[in-house]
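Residues per chain, in single letters:
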Amino acid sequence: MSPGAPPSPVRPAPATPSQGQARDTAPRRRPRRRRGSRTERLAPFVLLAPAVLIIVVLRLWPLVLGVNFSFTGDGDRNGTPVGLDNYVTLFADPLFRTALRNVGLLVLLLPVAVAIPGLLATFIYLRTPGHRVYRAVYFFPAVLSPVIVGAIFNLLLAHDGPVNEVLGAVGLGSVDWLGDPDVAIFAVAGVHVWATFGMALVVFLAGFANLDPSLLDAARVDGASLAQSIRHVIVPGLTRTIQFVFVTTMIGMLTSMFGLLFVMTSGGPEGSTYLPEYYIWVQQGQFNQPALASAASTALFLIMLLVGLAQIGVLRRAGREV
Amino acid sequence: MGQRALWSAVLVLGLALSAGCGSAGVSSSPGGAADKLVVWDWKSGDPAAKAYVDKAKADFAKGHPGVEVEFVAQPFDQYYTLLGAAIQAGKGPDVILFNGGGQLRDRADSLVPLDDYVAADRQRLAGWDAFAEDGKTYASPVTLQGHPLYYNKALYEQAGLDPEAPAATWDEFVRDCGVITDKTGAKCFAVGNKEGIGIQFFLSAMGSAVLTPDEYDRWIAGKRDWTSPAVKRIFELWRQVDASGLNNDGVNSTAMFNDAFAVFQSAKAAHVVGLMSDVGHWKDFAEFLDPADVGVMAAPVVDPAAKPSLPYDGGIGYGVAKWTRDPKLAADLVRSLTSTEALQAFYADAGAIAADTTIDVSAAGPAVTAISKGLATGKPALHVALPSKTVDLMGRLSQQLLSGSVTVDEAVAQLAASDAAS
């Protein structure tokens, strides 16, 4: 398309037919809307095209391919359709079931993971002595890579590490933080919360910026205790923020713990810290079963979708009630 | 207004289309060119492997002056994931570095059988079995990997034991360990089972001291009797060793790489089942302990009918991808990569027991001498013969055995089922 040609033929084109239409066929039907020619009507679609294409080609299409791939076989049956075989294998695998159980556990731990930054942000907002220092200190871990965080806590939580030495000195027995299957998942989740709550804290502080301080003052004048102020003023005022933090924290917990798991437990001990993400990686990378891994990815996607929608639903209702 | 919208639309559409063309039009597969070979590995980026790569390249250039060889070093923790993607796409490197055993066997259908091309290397190199599947060879061995039982001679001396005559039977061994712990405070074994690797090393190091030679050979040949008392005995031993306090504390939360080796290196434990090549081996230990203090002993006999042997296999080796243009050319590169000169450099710089049995290793200290003596009577390691899924399951079960949440009988039954299914 040469740049010189279009201007002269295009410009008159929109004017003539629409004027004619307006005059002859529908004089009373809002002529201004019709004035936009075909080009103008097409423009939005063309302008949207890059964004839509990027989403369709780079997001949705691969997603469809991945789901489709999960219905084919691995190894000898590579490329042949196998129906639901991969899903049957998946749900028969005790490791994947452990991974799903851990997802459930993380969802249950979610309120704690949201409450911690929420409470700390409240204290900072209420200008607890030293709040400036705390604000910086709390955010600090958020800039560390999960691998570094994992390595640090590997040392701290080692069986002969400093945490156990302190416990021993106090007279409590040592705990095999990363070696005990009942404890390890909590240890890893705890470290994940420690490493990421800074981000949620910042979001909460941003939410506080929009909170009307006169409400808090009024509550104080009315003699509300700290707990009452939080319950009746701060929480209702921050519903949207809490909602946002809930959803992002959950996504973070389910999709960003790979680095920590990889460094801290490798899915162990006894496979007790498997998460779907780690399972996918093991099946694809270690056992060369990409189709099974695709099935697990699809399952993870559906779980995320369901949990996310349910959360938004619950929180929205809670928001309305407040 | 209309004109402006149209112009932007034209511009955006044009950009979008040209961007689409750019990504769709270029399809350069690394192994595409006829006069270029691409090698994937996780070694060539290591400065210690530079001399090896240079020697191999020079050797190959002698026979094929016009052919360019490109080494692409991938990060090891992503290696098989990346390779899986290449295999899925049906294009990728021409020559591929593999770990012996399951990692290669799982992908043998993407490789060219090399038997006709490397026949001349058969005698010179050792460790072929780890790269064979159904009687065909898919890679040539570069290093040997095995699991010698290392011990700290200095601790033996401190405890008043003869460091040159370590225990030959299990009962004596346990007694010696008691003496060492009493006198020096050091534990008997340094073990890390966080990744489930501790059991692999233990199984292979102790296997030949428990199984009869016949049972051992049948295991390697794939006729594994998981219900036999001797097999159960190995897992029972694994549990007992930990329960009776012979191991360092927190085995399930200690990483074999490299926390367990650190325990041995810092003389907090007298024995460790280590490796022969790459890491966790004689060269690593000698950096912290006096090389003369690093000994290698035969596994102490548990069943008198057993005959301890050094467990080892081909460690890493190069294979040729099925999609390469000229398999003969790629196989020639594999031969250069396993030439005596190249392997000599690998042994000397990278600290590996090279697959070439003609290399002289006598200067490297008593541990290497003991290892190379054991090569002649050595046998493939027990865990390497297992399917990778069974090895993975064994890792988890071994952790459960230590925590007491599974019995030896249950563990062995699960392993038998997994082995049969693979």
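*Asks:* It is not clear to me how helix α13 (residues 340-351) of chain B should be interpreted in this structure. Could you clarify?
*Replies:* Helical geometry: 3.6 residues make up each α-helical turn, so side chains three or four residues apart lie on a common side. Between the first and last C-alpha of α13 of chain B there are 15 Å, a value that for 12 residues agrees with the 16 Å anticipated at 1.5 Å per step. If you follow the buried residues of α13 of chain B, they end up packed against α2 (50-63), β7 (143-146), α11 (282-288), β13 (316-320), α12 (327-337) and β14 (353-354) of chain B.

*Asks:* I keep staring at the packing of aromatic side chains and nothing clicks. Help me out?
*Replies:* Centre-to-centre distance and the angle between the planes together describe a pair of aromatic rings. Taken as a whole and assessed by the stated rule, the structure comprises 34 aromatic pairs over all chains. Between F258 of chain A and W281 of chain A, the ring centres sit 5.5 Å apart and the planes meet at 70°, which makes this aromatic pair edge-to-face. Taken as a pair, F258 of chain A in helix α14 (residues 258-264) and W281 of chain A in helix α15 (residues 276-286) lie far apart in primary sequence, 23 residues in all. On the numbers, 6.2 Å between centres and 90° between planes, the contact of F201 of chain B with F257 of chain B is edge-to-face. In this pair, F201 of chain B sits in helix α7 (residues 197-210) while F257 of chain B sits in helix α10 (residues 256-265), placing the two residues 56 residues apart along the sequence. Looking at F201 of chain B, the relative accessible area reads 4%, which means it is buried. When the ring centre of W128 of chain B is taken as origin, the NZ or CZ atom of R122 of chain B, which lies over that ring, is 4.4 Å away. It is R224 of chain B that lies over the ring of W219 of chain B; its NZ or CZ is 5.9 Å from the centre.

*Asks:* Got a minute to help me understand the state of the cysteines in this structure?
*Replies:* Where two cysteines share a covalent bond between their sulfur atoms, that bond is called a disulfide. Residue and element names in this part refer to chain B. Under the criterion given, the structure shown has 1 disulfide over all chains. Between the sulfur atoms of C177 and its disulfide mate C188 the distance is 2.0 Å. Here C177 is found in helix α6 (residues 170-184), whereas its partner C188 is found in strand β9 (residues 187-189), with 11 residues between them in sequence.

*Asks:* Looking at this model, I keep getting lost on the pairing of strand β3 (residues 95-99) of chain B. Mind explaining?
*Replies:* Each regular strand carries side chains that alternate between the two faces of the sheet. All names here are of chain B. Burial analysis of β3 places 4 of its 5 residues in the buried class, which makes it a mostly covered element. Here strand β1 (residues 36-41) pairs with β3 via 2 bridges, running parallel. Bridge pairing links W40 to I96 in β3. In this sheet, β13 lies alongside β3 in antiparallel orientation, the contact comprising 5 bridges. Paired with I96 across the bridge in β13 is G319.

*Asks:* For this particular structure, what's the right way to read the confidence of the model for chain B?
*Replies:* Do not read the fine detail of predicted coordinates wherever pLDDT is low. Scored by pLDDT, chain B comes out at a mean of 89, with 92% of its residues at no less than 70. Within the model, the stretch residues 9-32 of chain B combines pLDDT values under 50 with 14 contacts to residues more than four positions away or in other chains.

Parameters and conventions
Residues numbered from 1 in each chain as written. Chains lettered and ligands numbered in written order. Predicted model: local features only at pLDDT ≥ 70, side-chain atom pairs only at ≥ 80, totals over all residues. Heavy atoms only, no water. Helix = DSSP H or I, 4+ residues; strand = E, 2+ residues; numbered from the N terminus. Expected span 1.5 Å × (residues − 1). Contact = heavy atoms within 4.5 Å. Phe/Tyr/Trp six-rings, centres within 6.5 Å; stacked < 30°, edge-to-face > 60°. Buried < 20%, exposed > 50% of the residue type's maximum accessible area, 1.4 Å probe, protein only. Lys NZ or Arg CZ within 6 Å of the ring centre and 35° of its normal. Disulfide = S-S within 2.5 Å. Pairing = 2+ DSSP bridges. pLDDT = per-residue confidence, 0-100.

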